[in-house]
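# Chains, contacts and geometry: an overview
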Amino acid sequence: MSDKRETLGFQTEVRQLLQLMIHSLYSNKEIFLRELISNASDAADKLRFEALASPELLADDTELGISIEVDKTARTLSVIDNGIGMSREELIDNLGTIAKSGTAEFLQQMTGDTQHDANLIGQFGVGFYSAFIVADKVSVESRRAGNSADAAVRWESEGEGEFTIENIEREERGTRVILHLKEDESEFAESYRIESLIRKYSDHIGFPVSLTAVGEEDAETKVVNSATALWTRSRSEISEDEYKEFYKHLSHDFADPLTWSHNRVEGKREYTSLLYIPSAAPFDMWNREAPRGLKLYVQRVFIMDDAEQFLPLYLRFVKGVVDSSDLPLNVSRELLQQNPDLTAMRGALTRRVLDTLKKMAGQKDDYQKFWGEFGQVLKEGLVEDNANKDKLAKLLRFATTHNGNDTQDQSLDDYLERAKDDQDKIYYILGESYATAVASPHIEQLRSRGIEILLLTDRIDAWLAESLAEYEGKALVDVAREALDMPEQSDDKAQGELNDEHKSLLEKIQDVLSERVEAVNVSRRLVDSPACVVASDQDLNPQVRRMLEASGQALPESKPILEINVHHPLVTRLSDEVDAGRFESLSNIVLDHALLAEGSQLENPAEYVQRVNAFILGSDSGADNEQS
Ligand code: ADP
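Basis of the calculations
Residues numbered from 1 in each chain as written. Predicted model: local features only at pLDDT ≥ 70, side-chain atom pairs only at ≥ 80, totals over all residues. Heavy atoms only, no water. Near = heavy atom within 4 Å. Polar contact = N/O pair within 3.5 Å; in protein donor to acceptor, adjacent residues only side chain to side chain. Areas by Shrake-Rupley, 256 points an atom, 1.4 Å probe, with all protein chains shown as cover. Helix = DSSP H or I, 4+ residues; strand = E, 2+ residues; numbered from the N terminus. Nonpolar A, V, L, I, M, F, W, Y, C, P; charged D, E, K, R; others polar. Domains from an automatic or database assignment. Buried < 20%, exposed > 50% of the residue type's maximum accessible area, 1.4 Å probe, protein only. Contact = heavy atoms within 4.5 Å. Pairing = 2+ DSSP bridges. Axes fitted to C-alpha atoms, helices over the stretch in contact; angles between N-to-C directions. Core = buried A, V, L, I, M, F, W, Y, C linked by side-chain atoms within 4.5 Å. pLDDT = per-residue confidence, 0-100. Expected span 1.5 Å × (residues − 1). Salt bridge = Lys/Arg side-chain N within 4 Å of Asp/Glu carboxyl O.

Turning our eyes to something else, we now look at the site of the ligand. Around the ligand, the structure places Asn-39, Ala-43, Lys-46, Asp-81, Met-86, Asn-94, Leu-95, Gly-127, Phe-128, Thr-175 and His-252. In this structure, a nitrogen atom belonging to the ligand sits 2.9 Å away from a side-chain N or O atom of Asp-81. Taking Thr-175, its side chain carries an N or O atom lying 3.5 Å from a nitrogen atom of the ligand. Here the ligand, which alone exposes 530 Å², has 77% of that area covered by the protein. Of all elements in the fold, only helix H2 (31-53) and helix H3 (88-96) reach the threshold of two or more residues within the shell around the ligand. For the shell around the ligand, the leading source of residues is H2, giving three residues. Among the residues forming the shell around the ligand, the class breakdown is four nonpolar, five polar and two charged.

The next thing to look at is the domain arrangement of the protein chain. As assigned here, the protein chain comprises domain 1 (6-225), domain 2 (232-360), domain 3 (396-492) and domain 4 (495-535 + 557-616). Between domain 1 and domain 3, the C-alpha centre-to-centre distance is 54 Å.

The subject of this paragraph is the environment of Trp-463. Within the secondary structure layout, Trp-463 lies in helix H15 (residues 461-468). The exposure class assigned to Trp-463 is partly exposed, which follows from its relative accessible area of 34%. Expressed as a C-alpha distance, the spacing of Trp-463 and Val-544, which sit 81 residues apart in the sequence, is 8.6 Å. Apart from residues lying up to four places away in sequence, Trp-463 is in contact with Val-383, Val-544, Met-547 and Leu-548.

Next up on the list: the side chain of Arg-316. Here Arg-316 lies in the loop between strand E13 (301-307) and strand E14 (319-324). Judged by its relative accessible area of 11%, Arg-316 is buried. When neighbours within four sequence positions are excluded, Arg-316 is seen to be in contact with Met-285, Trp-286, Arg-292, Val-377 and Glu-380.

Let's shift gears to the sheet that holds strand E7 (residues 174-181). Reading across the sheet, the nine strands line up as E1-E6-E5-E4-E7-E3-E2-E8-E9 and stay open at both edges, with mixed pairing between neighbours. Edge positions in the sheet fall to strand E1 (6-9) and strand E9 (221-223), since each of these pairs with one other strand and no more. Taken over all neighbouring pairs, the strand axes of this sheet differ in orientation by 20° on average, direction set aside. Bridge count for strand E2 (residues 66-71) against strand E3 (residues 76-81) is six bridges, and the pairing is antiparallel. Bridge pairing links Ser-67 to Ile-80 in E3. Docked against the sheet, H2 engages E2, E3, E7 and strand E8 (209-213), running at close to 25° with respect to E3.

In this structure, Leu-296, Phe-310, Leu-357, Phe-370, Leu-378 and Tyr-427 are the most contacted members of the largest nonpolar core, which totals 70 residues. Taken domain by domain, this core gets at least three of its residues from each of domain 2 (232-360) and domain 3 (396-492). Apart from residues no more than four positions distant in its own chain, Leu-296 is found in contact with Val-301, Phe-302, Ile-303, Met-304, Ala-307, Phe-310, Val-322, Leu-327, Val-331 and Leu-336. Val-14, Leu-25, Val-224 and Phe-254 belong to the second-largest nonpolar core, a separate cluster that totals 68 residues.

For the rest of this paragraph, the subject is the confidence of the model for the protein chain. Averaged over every residue, the pLDDT of the protein chain is 89; residues scoring 70 or more account for 96%. With pLDDT under 50 throughout, residues 621-628 is counted as low confidence; its partners more than four residues away or in other chains account for 20 contacts.

So, about helix H1 (residues 12-24). Spanning 13 residues, H1 covers 18 Å between terminal C-alpha atoms, matching the ideal 18 Å at 1.5 Å per step. For H1, every residue scored as buried is listed here: Glu-13, Val-14, Leu-17, Leu-18, Leu-20, Met-21 and Ser-24. The inward-facing, buried residues of H1 contact H3, helix H4 (103-108) and helix H5 (114-124).

Turning next to the pattern of salt bridges. Pairing between side chains becomes possible if they bear opposite charge and their charged atoms approach one another. For the structure shown, the criterion picks out 40 salt bridges. Lys-391 is the partner of Asp-355 in a salt bridge, and the nearest nitrogen-oxygen pair spans 3.1 Å. Residue Asp-355 is located in helix H9 (residues 340-360), and its partner Lys-391 is located in helix H11 (residues 389-395); the two are separated by 36 residues in the primary sequence. Exposure remark for Lys-391: the relative accessible area of 34% places this residue in the partly exposed category. One network of salt bridges, in which partners are shared, links Lys-29, Glu-30, Glu-185, Glu-187, Arg-193 and Lys-200.

Below, the structure is given as structure tokens:
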């Protein structure tokens, strides 16, 4: 270990974050205190945890707490804890780099628009670096629990590109963060100001937070917060604001949560849970490796962050605390996995979250916000969690042909309420986008009969529909499948009946397209379009096929079924076509258009263009009709 003073550079991401943060969070600058007190409280939690196995770490300093010192004359504010502390290496790693993966990509989303950036940074969690919003120099003196007094370290930076690090002597264990306040931030050296901020932001911290005004006459040290962990208090004593502040402490999120659920379970298993639904998705929600889970306490002693065993993956957006009275204090991630109580707790907590969402669904604005941020993640639940299928199905929201826009805000109950009495199916179409789905030929006939169709455009929707399969006894039906069962209508018979002329037309088309289609059928689902392609009932849905192919999977060849609207003028034209070459071209064009309309790619677009050009010019020799 080197003793000398070293100057090191911040990781690029830290440098960027510092600049952006100072600029975009200025209007919210006081939050730095919440962040520093949060870190101090985490440090005390960690020490208490490590001391379970190594009590000697506490030495004779057993009362864990946080003190704040303000000094008006020196214009400094210090946040001091006697927690775990940091070694030289830890200081360099923790305060010189950001370990969260995806940070660089995240920072690229910053636009320079203060409001937008403030929201993003808020979601990211600003932490320690927020000190630089109000300070032009920050010193951190720290001694790790268990290290000797001469192995303490000082980290110092002006928040530009670099920081210095040097060894110092320090009698006390833990960390002192000293903010040298900017000239116009001297308000943060005023004790009345800091006292009110501690009350506002940190009242719920489970350790005493005391305040001292250094150098003032008859300066006294007083404990400012109530020092009981919030979740241990009874619900009726906790205000909305206190719940919100606790959420921010816990999640480092900037925005208020949408809702929360606080419960104590007594009986065979005893535990308290406080679960929050955030208002915005974290930047790394789609990174399956990103840390997730609840903060675990056992008998009020912090055990671990990100205990992912308490909730399923599809509820990874939930933030919160679980405090168990029964788990052993030495519980590790591995032991948790094997603990027989865990399955029951996980089941109960999952239901708790789903009930909270159900309740929130009563407030449409909040629920829409939730659905916009987390709907796609919640949908994973239908695939993963069969036990809660019914609860989850009620929470789903869709865009449908009823809305006239792409907002996903209709529930399956809304759909069924509007459905006709004799409708025993729920119809849906899968599409690449809202625009393709809503304009799809497959839904023409149903729409013309006033039947509503769910428009499913999220990647997961094909699996969702398959896993759900039915709702309230009504089967979910893909309208782009061969066998489409529609409610009967008086003119159905006439439509369905084929005269000889139609039969021979279908045969002729089948002949020329035999390489490209499985079969040619007359369609009952079309109104305005001449044709569409459907998948046979054994085949993969084309949407799923495209997705699997895009992910590099080799799939067996499959040919679609072409359905023809025998009443369409283009088809009449086709049946009148006597020239064999032009008949072949037009048949291919009809098929190409049916493929394009459902969002498929043509195998050979150039050939298609040639064919259309030749057809328009009236020659039949433009394209080779065999499509490979
Ligand atoms: P976060 O708290 O979100 O991890 P921060 O930037 O606030 O991010 O802090 C980075 C890391 O520095 C923390 O995870 C912790 O390991 C360490 N740290 C910060 N403050 C303290 C402190 N007072 N005592 C011990 N470690 C600390």
